[in-house]
Amino acid sequence: MTEDSPARAAHRQRPELRADCANCAGLCCVALPFAASADFAVDKDAGQPCENLRPDFGCGIHAQLRDRGFPGCTVFDCFGAGQKVSRVTYGARNWRDNPALAPQMFEVFAVMRHLHELLLHLAEAADLPVGQPLLRELRTAYERVERLTRGSAEEVLRVDVPAHRERTGALLLRASEKARSRVPGRKKDRKGADLTGAALANAKLRGASLRGAALIAARLTGADLRDADLLGADLRDAELGGADLTGSLFLTQPQLDSARGDGSTRIPGRLARPAHWAHGRGT
């Protein structure tokens, strides 16, 4: 794994933006629905506890999720929203002991996850070389969103998530453009492009904008994705063997977990190498 600079990796030290399942009431295992598919072995309605959820809110098959037909669970991340809702918003009350709170708690969890994802990206943007004026805006935005996450359940549910995502997105775009302007040469703009299954092996995409691009099953083996903006890019089953994602912007752990890499894939030091990736060359 290639480590980024200490400054670039600083936000990974924020425990509030990392899922802490031991301090969560299993919210993602109850609040979210899923359908029997390649990602999930069974159907489950929203609000229905997963059949694998233990009484202590742990997962009974956590170590065998992929083998037991639940790979979708392995690529989900609440970005710390679960413990925020369980421990802060509801003060350690849970949906089992307080069933009347369950519907509201699940709604709050959905909003909180959006807010924590914004915090994750704002924290990363604040570590980029963007200059003091923009840095102050990013820090102010982080503080504003963080305050929202500490409101009451009713206050959280009143948050206009689309408005905050739009405002934050514009700020993150400015940070991205500022940071990528330091990359020499002309940068490709494939924002929102449909690159599903595209043959992009060894592609020169350093500093490119791939925000919101559909890269499902794209062949990116050996591609140069250094400093590329990957905010919201769909990397499901993308082949990343030998690719270099060092310094890539706004890449999240779930995006990486949904892709296919190997031991030669270079990833940002702030992220963990997926355990299911092959160790050698190829996927």
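Please refer to the structure higher up on the page.
Residues numbered from 1 in each chain as written. Predicted model: local features only at pLDDT ≥ 70, side-chain atom pairs only at ≥ 80, totals over all residues. Heavy atoms only, no water.

Undergrad: Before we move on, can you summarise the overall build of the protein with the specific residues and values?
TA: Regarding its fold elements, the protein presents eight helices and zero strands. When the helices and strands of the protein are read in sequence order from the N terminus, they spell out α-α-α-α-α-α-α-α. Taking the principal axes of the C-alpha coordinates as reference, the protein spans close to 60 × 45 × 30 Å. Classification of the 283 residues of the protein by burial places 49% in the buried group. In the protein, of all internal contacts separated by at least 6 residues, the share reaching a separation of at least 24 is 46%. A total accessible area of about 13,400 Å² is found for the protein, and carbon and sulfur atoms account for 50% of it. Of the side-chain charges in the protein, 41 are positive and 35 negative, and the distance between the mean point of each set is 6 Å. (Helix = DSSP H or I, 4+ residues; strand = E, 2+ residues; numbered from the N terminus. Buried < 20%, exposed > 50% of the residue type's maximum accessible area, 1.4 Å probe, protein only. Contact = heavy atoms within 4.5 Å. Areas by Shrake-Rupley, 256 points an atom, 1.4 Å probe, with all protein chains shown as cover. Lys, Arg positive; Asp, Glu negative; His and termini not counted. Charge placed at Lys NZ, Arg CZ, Asp CG, Glu CD.)

Undergrad: Summarise the layout of surface pockets; cite the residues concerned and give the values.
TA: Computed from the structure, the second largest pocket encloses a volume of approximately 330 Å³. Contributing to the lining of the second largest pocket are 17 residues, with Arg66, Asp237, Asp257, Ser258 and His276 lying nearest its centre. Mapped onto the lining of the second largest pocket, the elements with two or more residues apiece are α2 (71-74) and α8 (253-258). For the lining of the second largest pocket, the class distribution of residues is six nonpolar, five polar and six charged. (1 Å grid on protein atoms, 1.4 Å probe; cavity = no way out; pocket = protein on both sides within 12 Å on 5 of 7 lines; lining within 4 Å. Points joined across faces, edges and corners; volume = space filled by probe spheres on them. Nonpolar A, V, L, I, M, F, W, Y, C, P; charged D, E, K, R; others polar.)

Undergrad: Which residues make up the pattern of salt bridges, and what values go with them?
TA: Scanning all chains against the criterion turns up 11 salt bridges. When the shortest N-O distance is used, the salt bridge between Arg260 and Glu239 registers 3.7 Å. Of this pair, Arg260 sits in the segment after α8 while Glu239 sits in the loop between α7 (161-180) and α8; the two residues are 21 residues apart in sequence, bridging distant segments of the chain. Judged by its relative accessible area of 33%, Arg260 is partly exposed. (Salt bridge = Lys/Arg side-chain N within 4 Å of Asp/Glu carboxyl O.)

Undergrad: Explain the nonpolar core to me, and be specific about the residues and the numbers.
TA: Residues Leu27, Val85, Trp95, Leu122, Leu128 and Leu138 are the most contacted members of the largest nonpolar core, which totals 49 residues. Elements with a minimum of two residues in this core: α1 (28-31), α3 (81-89), α4 (102-125), α5 (132-149), α6 (153-157) and α7. Ranked by residue count, the leading element in this core is α4, at 14 residues. One finds Leu195, Ala218, Ile267 and Trp277 within the second-largest nonpolar core, a separate group that totals 28 residues. (Core = buried A, V, L, I, M, F, W, Y, C linked by side-chain atoms within 4.5 Å.)

Undergrad: Now, about α7: what can you tell me, with residues and values included?
TA: Across its 20 residues, α7 extends 27 Å between first and last C-alpha, which sits within 8% of the 28 Å expected from 1.5 Å per residue. Among the residues of α7, those classed as buried are Val161, His164, Thr168, Leu171, Leu172, Ala175, Ser176, Ala179 and Arg180. Buried positions in α7, seen along its axis, are confined to an arc of 160° and lie on one side of it. For α7, the exposed residues set more than 90 degrees away from the buried face come down to Pro162 and Glu166. Structurally, α7 contributes buried residues whose contacts are with α4 and α5. Capping the start of α7, Asp160 holds a side-chain oxygen 3.2 Å from the backbone nitrogen of Ala163, two or three residues further along. (Expected span 1.5 Å × (residues − 1). Arc of directions from axis to C-beta. Polar contact = N/O pair within 3.5 Å; in protein donor to acceptor, adjacent residues only side chain to side chain.)

Undergrad: Can you break down the packing of aromatic side chains residue by residue, with the values?
TA: When we look at a pair of aromatic rings, we describe it by the centre distance and by the angle of the planes. Considering all chains together, one arrives at four aromatic pairs under this definition. Ring plane angle 80° and centroid distance 6.3 Å describe the contact between Phe34 and Phe70, whose orientation is recorded as edge-to-face. Here the residue Phe34 occupies a position in the loop between α1 and α2, and Phe70 occupies one in the loop between α1 and α2, the gap between them amounting to 36 residues. For Phe34, a relative accessible area of 13% gives the class buried. Overall, the relative accessible area of 2% leaves Phe70 in the buried class. By way of ring pairs, the aromatic residues Phe34, Phe40 and Phe70 are connected into one cluster. The ring of Phe34 has Lys44 lying over it, and the distance from NZ or CZ to the ring centre is 5.6 Å. (Phe/Tyr/Trp six-rings, centres within 6.5 Å; stacked < 30°, edge-to-face > 60°. Lys NZ or Arg CZ within 6 Å of the ring centre and 35° of its normal.)

Undergrad: Any details on the packing of α3 against α4? Residues and values, ideally.
TA: Contact pair α3 / α4: the axes reach a minimum separation of 8 Å and the direction vectors enclose 125°. Classed by the angle they form, the pair α3 and α4 counts as oblique. When the axes of α3 and α4 are compared, the crossing they make is right-handed. For the pair formed by α3 and α4, the contact residues are Ala81, Gly82, Lys84, Val85 and Thr89 on the first element and Met105, Val108, Phe109, Met112, Arg113 and His116 on the second. Taken together, the residues of the contact of α3 with α4 break down into six nonpolar, three polar and two charged. (Axes fitted to C-alpha atoms, helices over the stretch in contact; angles between N-to-C directions. Parallel < 35°, antiparallel > 145°, perpendicular 65-115°, else oblique. Left-handed = near helix turned anticlockwise from the far one by under 90°.)

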